[in-house]
Each structure stands twice: as C-alpha cells, then as structure tokens.
Amino acid sequence: MINEYIARKVALKDMQPCAICSKPSTTVLYNASGPDWLYTCEIHLQDNPQFVIPLYSTEYNEAVAQLKLVKGKMDGLASAQNQLGSWDGWVTKIFSKKEKQKKDDSKSPEPTTTESADISPETKNDAEILLETQKQYSKILDKVTELQKKSRKYELAKIMFESRVLRKRTEQLNRERYLKEQENYSNTDPEDLLRKHVFPSVPK
Ligand SMILES: [Zn+2]
C-alpha cells in the first residue's frame, strides 16, 4: 500500500464519523492501492501536518518556483528603488546639498548636474519594471492559490499511515480466518457467518 490518498465527497446519506473528532462527515480520504479509506472533516485537511501533508501537482510546484523567482526580482527592484529614494527624497537631498554647498561654496564648488542626469530616466524605468513585476507576481500568486484549492491529493503523516497499514494487515488476517472458518464449517449458514464478520464497504 502506498501513502497516497485522494479526498472525495460522498452523498449525505453515506456520511460517517470523522476519524479524528467523530463528527459525521461526507469527506473521505481514499487510497486505491489498499484499498484503504477514512472519513475526515474538511478542516483537518488544512495546515495539519500531524495528520495529512498535501501532495501537490507538478504544475503547482512549477508555479511556486516561478513565484519565488519573481519575488526575488521584485525585492531586488524594490530595494534598488529604496536606495535611490523616492522622488521627494531625492529632491530633498539635492536641496540640502545645495544649501550645504552655499555654506562652503568658496572651498569646493561642485556641480549638481551630474547626479540629476544619472538618476532621472533610470529611476522612472525601474519604477515601471517594478510595477510590471508586481502585477506578474500577483497573477502567479492567484494561480498558486487556485491550484492549492484544487489539490485533493494527500499523504498521511508517518505514524498515521503506519497505523493504517497495521489495521489493513489485521483486517486481512481476519478475512483469511473467516474464509478458513467457512471452509471448516461448510454446514454453517453463510448468512450467520457474515453476521459475525462485518466488513466495511468501499465508499462510493
Ligand atoms: Zn473531524
């Protein structure tokens, strides 16, 4: 049995107690390789690594990687903008510099033109790129959120899965014993035997 469960919905009439809190639930985690299944409330599937860990699609993982990349670019651009300062900050800097220059004008007359020529067009361009990157970022973020919501595949936490495997084995032994009993007491009413050994039915 592999540790891969799909969260499925059953009809209201097929509701069964949640494996965690015993409240009736219509969500079932189904493992085709067992088969194994357990009912659970939707809420236990969210941010609950002691119970389940989501198994995301390749598409999701790729989108997350892309998101990280764009985030890095965005942070880089934002910090570059911060270093240069906002337009206001830049203007203030020039004025304070001019005032300072007025004070010691006689000592070192420095031209302020070089700085303004350096910053102006480049800053505007970077601001545009930053804005575009931010737009791109929120678009990918939407996609990631969407894919996250759509993902219904889970892996059970290690201890949880081990207990399921053990349970499965016990069930198997019981089944074998039942078949043996049936063989030994072929005269016994099979209905009687069935009543003694109730096997759970696969959720639909
Ligand atoms: Zn529950």
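The paragraphs below set out a description of the structure included in this document. (Residues numbered from 1 in each chain as written. Predicted model: local features only at pLDDT ≥ 70, side-chain atom pairs only at ≥ 80, totals over all residues. Heavy atoms only, no water.)

### Remarks on the pattern of salt bridges
With the rule as written, the count across this model stands at eight salt bridges. For the salt bridge of Glu 4 with Lys 153, the shortest nitrogen-to-oxygen distance reads 3.8 Å. In this pair, Glu 4 is assigned in the segment before strand S1 (5–9) and Lys 153 in strand S7 (residues 153–156), connecting sequence segments 149 residues apart. Classification of Glu 4 by relative accessible area gives partly exposed; the value is 33%. Across the pair Asp 75 and Lys 71 runs a salt bridge whose closest N-O atoms are separated by 3.0 Å. One end of the pair is Asp 75 and the other is Lys 71, both in helix H1 (residues 58–84) and four residues apart, which spans about a single turn. Asp 75 gets classed as partly exposed once you look at its relative accessible area, which sits at 39%. Salt bridges here are not isolated pairs; linked through shared partners, they connect Lys 9, Glu 42 and Arg 152. (Salt bridge = Lys/Arg side-chain N within 4 Å of Asp/Glu carboxyl O. Helix = DSSP H or I, 4+ residues; strand = E, 2+ residues; numbered from the N terminus. Buried < 20%, exposed > 50% of the residue type's maximum accessible area, 1.4 Å probe, protein only.)

### Let's talk about the sheet that holds S7
Ordered in space as S5-S4-S1-S7-S6, the five strands form an open sheet in which the pairing is antiparallel. Each edge of the sheet is formed by a strand with only one pairing partner; in this case those strands are strand S5 (36–39) and strand S6 (52–54). The mean inter-strand angle of the sheet, taken between neighbouring strand axes irrespective of direction, is 35°. Pairing of S1 with S7, which is carried by two bridges, proceeds in the antiparallel orientation. Following the sheet pairing, Tyr 5 is matched in S7 by Tyr 154. Most of the contacts of helix H4 (residues 158–184) go to S5, to which it runs at about 120°, and overall it touches S1, strand S4 (27–31), S5 and S7. (Pairing = 2+ DSSP bridges. Axes fitted to C-alpha atoms, helices over the stretch in contact; angles between N-to-C directions. Contact = heavy atoms within 4.5 Å.)

### Remarks on the pairing of S1
When a strand is regular, its side chains alternate between the sheet's two faces. Across four bridges, the pairing between S1 and S4 is antiparallel. For Lys 9, the partnering residue across the bridge sits in S4 and is Thr 27.

### A short note on the coordination of the zinc ion
Protein coordination of the zinc ion is provided by Cys 18 (SG), Cys 21 (SG), Cys 41 (SG) and His 44 (NE2), with donor distances spanning 2.0 to 2.4 Å. Each of the four donor atoms bound to the zinc ion contributes to angles spanning 103 to 118°, and the resulting shape is tetrahedral. Relative accessible area serves as the criterion here: at 34%, Cys 21 is assigned to the partly exposed category. (Donors = N, O, S within 2.8 Å, 3.2 Å for Na, K, Ca; no water. Tetrahedral: all angles 85-135°; square planar, octahedral: opposite > 155°, others 65-115°.)

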